[in-house]
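# Summary of the model geometry
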Amino acid sequence: MCASVCMCVCPSVCMCLNYPSICVSPVPQPPTITLQSPKDYIFDPRENIVIHCDAKGKPHPSFSWTRNGTHFDVEKDSKVLMKPGSGTLVIDISGEKAEAYEGVYQCTAHNEHGTALSNNIVIRQSRSPLWSKERNEAIMVQRGVSLVLQCRPPAGLPPPVIFWMDNIFQRLPLNERVSQALNGDLYFSNVLPEDTRSDYICYARFPHTQTIQQKQPISVTVLDSNPVGDRKPGFMAPLGATSTNMVLRGETLELECIAEGLPTPEISWSKESGELPSNRMSLKNFQKTLEIRDVTEADAGDYRCVAKNSLGSVHHIIKVTVKAAPFWISAPRNLILAPNETGILTCRVSGDPKPKISWLVNGVPIENAPQDPSRKVEDDTVILSNVQTGSSAVYQCNASNEFGYLMANAFVSVLAEPPRVLTPSDHVYQVITNHPALLDCASFGSPIPTITWFKDVKTSIQNGDPYVIHENGTLEIHVAQKLNSGKYTCIATNTLGIRENHVYLEVKEPTRILKQPEYKVVQRNMNAMFECKVKHDPSLIPTMTWLKDNGELPDDERFVVDTDSLTIKDVTEKDEGTYTCIMNTTLDQDSASAMLTVVEATPTPAIVYEEPDPPSDLELTDQRDRSVQLTWIPGDEHNSPTEKFLIQYEDLLHEPGVWHNLTEVEGTSTTAQLNLSPYVYYAFRVLALNHVGYSQPSQPSRQYRTNPAAPDENPSDVKGVGSEHNNLVISWMPLKGFQSNGPGLHYKIEWRQKDVDQDWSSESVANVTQFVVSGTPTFVPYEIKVQAVNDYGSGPEPEVVTGYSGEDQPLTAPENVQVMVHNSTIAEVHWEPVPTSSVRGKLLGYNVGLLSDTLSVDSCEQVLTFSGNRSEGRLPGLQPYSLYNLCVKVFNSKGEGPPSTSKNFETPEGVPGPPSFLNIVNPNMDSLTLEWGPPLKNNGRLTGYTLKYQPVNTTSELGPMKVMTFPANETSVILIELKSNTLYKFYLSANTIKGSGPNITDESFTVMDTTVASRQVDIATQGWFIGLMCAIALLILVLLIVCFIKRNKGGKYPVKEKEDAHQDPEIQPMKEDDGTFGEYSDTEDHKPLKGSRTPSNGTVRRDESDDSLVDYGEGGDGQFNEDGSFIGQYSGKKEKDTHEGNESSEAPSPVNAMNSFV
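A brief report on the enclosed structure follows. (Residues numbered from 1 in each chain as written. Predicted model: local features only at pLDDT ≥ 70, side-chain atom pairs only at ≥ 80, totals over all residues. Heavy atoms only, no water.)

## Structural notes on the overall build of the protein
Scanning the protein from terminus to terminus reveals seven helices and 90 strands. Of the roughly 62600 Å² of accessible surface on the protein, a fraction of 51% belongs to carbon and sulfur atoms. (Helix = DSSP H or I, 4+ residues; strand = E, 2+ residues; numbered from the N terminus. Areas by Shrake-Rupley, 256 points an atom, 1.4 Å probe, with all protein chains shown as cover.)

Right, dumping it as structure tokens:
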């Protein structure tokens, strides 16, 4: 006796069947690799090397290995062990040099039916080399500059993980300003004093050996003696305007942009001519790294990273190319063939560059393998024709390019096996009514057996409602009914034999809860009882389960479960909740729920309005072919009278599970006479409606089947339209399920040519929605009828519909084509319409084709379509002063007819287009040179050009216009006697005899008089400027007097002493060349006075210059000592230095100083 059977029943599917009564002899099978190590295997030298290789086959395969392309004798090396029954190698490298076992390994699995190969497995030892000895010089940088600390770890296998820490092994904080690059270097966009430290240490962790190496510490000192000011961003990595990056398909693309600048720049990313893949991308390292996972070819392109701060922005373009190692489109699959059959192995791969495909047979290149006349190789395909027993083999497909390779094994097993049925005999299947039933007939054989089914031995089962026979032999019944119960026989047949098997189907009645538990409102300490009455198939054993709030009932003796009820004694508030009864059988279940509410005893309970309970006890009486009477018992109305009852039906034959509204009756009725259709398996249910809403549906009535009858109606939407010039396609909307009125529905098609004395032709069809009549004349009317017919008769006499056979291209061309030219851009064409009979279809219109400046009559370029049966049309949008060639064609749905005789016509001259360009060159103080080009479209003979120009003053007002004309052959002019430093606007147009065309305009300045400009700039000698300087000096003197008085009153005020003791070497005298004051620098805090900038336009605004005594003391928080002196000295607060250290250090101008006291 066999415990189980495992067998491959098709090229790609193996099945295991636990049937203790079946024993199947093993089927021969070539080897198949089932487990192998990855292509790149990096091992830890402290552990054994384990190279996996497992395979299956009948008989079980033997294993051998190659290393670096030559045979590897496992038995001669005492350190190498091959696991029994497997090809897996275990190499003990303890006490040995692990490097000796590095190399490329390949496993071979062989039996008498073929040889399978593993991938080439590259074995390499993991390495974690020491950091080279080096001495790091201390780094000293000024505040604000950018800085890069290089890591440059030793190359390991695999590459190490880089991170920066200090000497107490705390990770260095990273942010937008300080970040670690992909190569491990540490970048500072700008340094700050807090970056000063002596323990910047780069660590490299090697994953396989779990060792960590560290670089010598780097010392960084940030100086504040000469800080670098604000600046726009610049890229630190990558360098230059563009860079390139290549990534392989399926891998992760990492793009990096790190910028320096002050303030610290922000990085943003975009893709030129495309969107970033939001579902596969992420931004890391404070937006500096763009990562795109699972790269595809669509990710290739130009990526732009932008670095931006308040002073400007800069961008870098990274050109990404996507290549691809070979990847499968369709890998070869195993084949099981019978003798003399034909099979195909396909090896479809893609990659970039395109992979090269090579084939091997049993591990030998196919060109070196023994010749096989049944085998033909065509690039990625191997065709095997008329195979014979004994020609089983394993084929290997190898696809490779410069980025990698793929290899797949696929065996071809040539077997001659009679059918075997693997499904156990006399197996019993049980299903619930109206559920699908699946009867198995698992089989094996070569050739693949054909499966046929019979019911009760004698009735052959064909594909079609209600049966479906699947490719694997399984018989499916979509909606099982009682009548489907019985004995079924499946027969497996091939050229070598026949085998049959018997199974049984039992269709059971569904489990239904007839009386559901009801919502209960119970007073505390009273009893509550929920009823749950169930109907089930008598052959099935039911199990009743009660739940409270979807959990088990409390372990309390107050809860009493009976056969069809649950009683809760002495209820308390804790018993409130939802109670569910579940009735289970081995095949199905049904459930219903109700809520319990516990209340205090009240003398007068409130009136509760709810939906009515569903009607019950549905009964069918007065049964006839087309009607039946339905009666029911109404449910509880819950204090709201029933307004009406809604009756619904389900068609169990055509639409099981779908309920349709049938009719409504008054709420006082309990009976309804229902009109029915033939050949329908009815089930009815009733819903009650009151002012609260509809009740739940009642339980369905018993099934009521009406007898078949002839159809009551015919198909709708009957049409006749030809698809070819010699046919007529008749189509219709078929009848739906129950409209058929009986089995065997088909359609009787009748047709004849209209207005021709001939008999009707007819044809009967089924399960289609159209019929094609061939050999018809072109585009003639036909009378058409479509009638529904079933096994019980024909439908009513159908309505006659007129249709037309197919169209063909028109035969004749329009004649008498005449053209009337209205003006230079509009013409009108007239023609005589073609005869209706020559159109050979429905006339859709006429196409008018035009050719400009050519007399060709062989072709017409369509420019305008005139729909309908027209005889004229207007041609707008013509080019002036052009010669046209015109032809007219008629067209229908099949195309155009022949062209008419061509007609030539000319359009008169028009105004020209604008000159092609207008350039202003050689501007001087009183002259300009204008150059222009002729119009791209002359639209006639040019007669000359008109130039207009006028000055524009500083308020954008236009001066007087001057006009000049030029002959057609002049394209430049020098304008003289112009005003210097003046903006002029120019308008230039071309002329024909029809007038001037549109203008082309431009503007330009004449050159400024340098003598005047020099006088304007030299304001140092102006009287108003000297007066202004005197006023400023007077105000400064007043300020000093006030300070002196304050110091005498309030105690010591050491400004003067401090100024005398610490003369600032940076105080510069007024520069003679530009009339400005030298810079002022605070020697203690190195910060400028607030508001000391002078706007570039020479104006001073109050909000930009607000110097005061507060700024020379301790800001807005300045206070006095007890003796009245300032607490602060003539130096800014340190807090202020922190916030304002990046401000400009420009010196205050006298104008600003004056403005600060206003």
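Right, picking up where we left off after that structure.
## A word on the sheet that holds strand β56 (residues 559–561)
The three strands lie next to each other as β52-β57-β56, forming an open sheet whose pairing is antiparallel. Edge strands, defined here as strands with exactly one partner in the open sheet, are β52 (528–531) and β56. Taken over all neighbouring pairs, the strand axes of this sheet differ in orientation by 15 degrees on average, direction set aside. Across three bridges, the pairing between β56 and strand β57 (residues 565–568) is antiparallel. Within the sheet, the bridge partner assigned to V560 lies in β57 and is T567. (Pairing = 2+ DSSP bridges. Axes fitted to C-alpha atoms, helices over the stretch in contact; angles between N-to-C directions.)

## What about the pairing of strand β38 (residues 393–401)?
Across the nine residues of β38, eight count as buried, placing the element largely inside the fold. Pairing analysis gives six bridges linking strand β34 (residues 356–361) to β38, with the strands arranged antiparallel. Paired with I357 across the bridge in β38 is A399. Both β38 and strand β39 (residues 404–414) contribute to a ladder of nine bridges, which runs antiparallel. Counted as the bridge partner of Q396 is N409 from β39. Counted along the chain from β38 to the antiparallel partner β39, the turn is two residues long. (Buried < 20%, exposed > 50% of the residue type's maximum accessible area, 1.4 Å probe, protein only.)

## Re the packing of aromatic side chains
By the definition in use, this model includes 19 aromatic pairs. Between W831 and Y846 the ring centres are 5.1 Å apart and the planes differ by 50 degrees, which places this aromatic pair in the tilted class. One end of the pair, W831, is in strand β76 (residues 827–832); the other, Y846, is in strand β77 (residues 845–852), and 15 residues separate them in sequence. For the residue pair W831 and Y846, the accessibility class agrees, reading buried in each case. By the ring-pair criterion, three or more aromatic residues cluster together here, those being F163, F169 and Y203. Taking NZ or CZ as reference, K39 lies 4.1 Å from the ring centre of Y405, over its face. Between the NZ or CZ atom of R249 and the centre of the ring of F327, over which it lies, the distance is 3.6 Å. (Phe/Tyr/Trp six-rings, centres within 6.5 Å; stacked < 30°, edge-to-face > 60°. Lys NZ or Arg CZ within 6 Å of the ring centre and 35° of its normal.)

## Let's talk about unusual backbone geometry
Residue P59 is reached from K58 by a cis peptide bond, and omega for that bond is -5 degrees. The residue after L262, namely P263, is reached through a cis peptide bond having omega 0 degrees. Summarising the element assignment, P263 is placed in the loop between β25 (258–262) and β26 (266–271). At N639, a residue that is not glycine, the phi angle is positive and equals roughly 70 degrees. At D717, a residue that is not glycine, the phi angle is positive and equals roughly 55 degrees. Inspection of the secondary structure puts D717 in strand β67 (residues 716–721).

## Digging into the nonpolar core
Nonpolar side chains in soluble globular proteins tend to end up buried together. Ranked by internal contacts, the top residues of the largest apolar core, which has 29 residues, are I49, I51, W65, I91, Y105 and I123. For this core, the secondary-structure elements that each account for two or more residues are β4 (40–43), β5 (49–51), β6 (53–58), β7 (62–67), β10 (89–91), β11 (103–111) and β13 (121–125). Broken down by element, the residue count for this core peaks at three residues, all from β11. Residues V349, L384, V412 and V414 belong to the second largest nonpolar core, which totals 21 residues. (Core = buried A, V, L, I, M, F, W, Y, C linked by side-chain atoms within 4.5 Å.)

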